[in-house]
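Understanding the architecture of this molecule
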Amino acid sequence: NAGVMQNPRHLVRRRGQEARLRCSPMKGHSHVYWYRQLPEEGLKFMVYLQKENIIDESGMPKERFSAEFPKEGPSILRIQQVVRGDSAAYFCASSPEGPQYGYTFGSGTRLTVV
Amino acid sequence: AQSVTQLGSHVSVSEGALVLLRCNYSSSVPPYLFWYVQYPNQGLQLLLKYTTGATLVKGINGFEAEFKKSETSFHLTKPSAHMSDAAEYFCAVSSGTYKYIFGTGTRLKVLA
């Protein structure tokens, strides 16, 4: 019974490149949430998706960031033209319904922008 | 608006001693409260949660937390620390929606 799978675990990008982070939710989970953890900070909500729908992207930076959760395949968090300030750990969580039961988080993708 | 304050970014205890990690919250609606643990280079694992009902919540690995509404607190305790408890611990609050507000974390060090 695999948990929430994120890949890659570590990603290094040069400034100006694109970063694509993938998240496969737990089996049977149709709700996906992305959080970002900046150094020395707690996790901050970014976006909430259901299959083929963005429910709430209020935590996403207005530019360069986008997320999708297609009918088939993993959820993708895409960061275009990365800058040093995008360096962080990006965590994905999933739930079968609403999160009042507690999220299950993946191991995260640690993005380093050089 | 909701917020979480974790007092003490670093806590050290001796092996076998009591672990107490503090969390205070602010919420205008009945809160849902969570404690997560993060081991180095890993994701967050849910330790325990309070939604409704009994205010003393027992979690995994011998941890427990008590919801005290009058003190707006949800402190995490464990009677006897083990070396394997060394990790970072995060308190989080939710109003029952999908947005969790996380504290900045407490790094627990266990001394031999």
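Residues numbered from 1 in each chain as written. Chains lettered and ligands numbered in written order. Predicted model: local features only at pLDDT ≥ 70, side-chain atom pairs only at ≥ 80, totals over all residues. Heavy atoms only, no water.

1. As for the layout of surface pockets
The condition that has to hold: For each structure, a 1 Å grid was placed over the protein atoms alone; sets of points admitting a 1.4 Å probe that cannot get out are labelled cavities, open sets with protein on both sides within 12 Å along at least five of seven lines are labelled pockets, and lining residues have an atom within 4 Å of a point. Grid points are joined across faces, edges and corners, and a volume is the space filled by probe spheres set on the points. Secondary structure elements are defined from DSSP: runs of H or I of at least 4 residues count as helices, runs of E of at least 2 residues count as strands, and each element is numbered from the N terminus. When residues are grouped by polarity, Ala, Val, Leu, Ile, Met, Phe, Trp, Tyr, Cys and Pro land in nonpolar, Asp, Glu, Lys and Arg in charged, and all others, Gly among them, in polar.
A volume near 460 Å³ is recorded for the largest pocket. Around the largest pocket, the lining comprises 22 residues; the ones closest to its centre are Gln-37 and Glu-40 of chain A together with Gln-38, Glu-88 and Arg-107 of chain B. Top contributing element to the lining of the largest pocket by residue count: strand S11 (residues 109-113) of chain A, with three residues. Residues that form the lining of the largest pocket fall into these classes: eight nonpolar, nine polar and five charged. Considered as a void within the structure, the second largest pocket measures approximately 170 Å³ in volume. As for the second largest pocket, its lining consists of 13 residues, and the residues nearest its centre are Val-29, Pro-30, Pro-31, Phe-67 and Lys-69 of chain B. A class-by-class count of the residues in the lining of the second largest pocket yields seven nonpolar, five polar and one charged.

2. Section: the pattern of salt bridges
We count it as follows: Salt bridge, as used here, is a side-chain nitrogen of Lys or Arg placed within 4 Å of a carboxyl oxygen of Asp or Glu. Partly exposed describes any residue whose relative accessible area lies between the buried limit of under 20% and the exposed limit of over 50%, with all areas from a 1.4 Å probe on protein chains only and scaled to the type maximum.
Counted according to the given criterion, the structure contains eight salt bridges over all chains. Residue Lys-99 of chain B pairs with Asp-56 of chain A through a salt bridge whose shortest N-O separation is 3.4 Å. Of the two residues, Lys-99 of chain B sits in the loop between strand S9 (87-94) and strand S10 (101-102) while Asp-56 of chain A sits in strand S6 (residues 53-56), which places them in two different chains. Take Lys-99 of chain B: its relative accessible area is 29%, and that puts it in the partly exposed class. Classification of Asp-56 of chain A by relative accessible area gives buried; the value is 11%.

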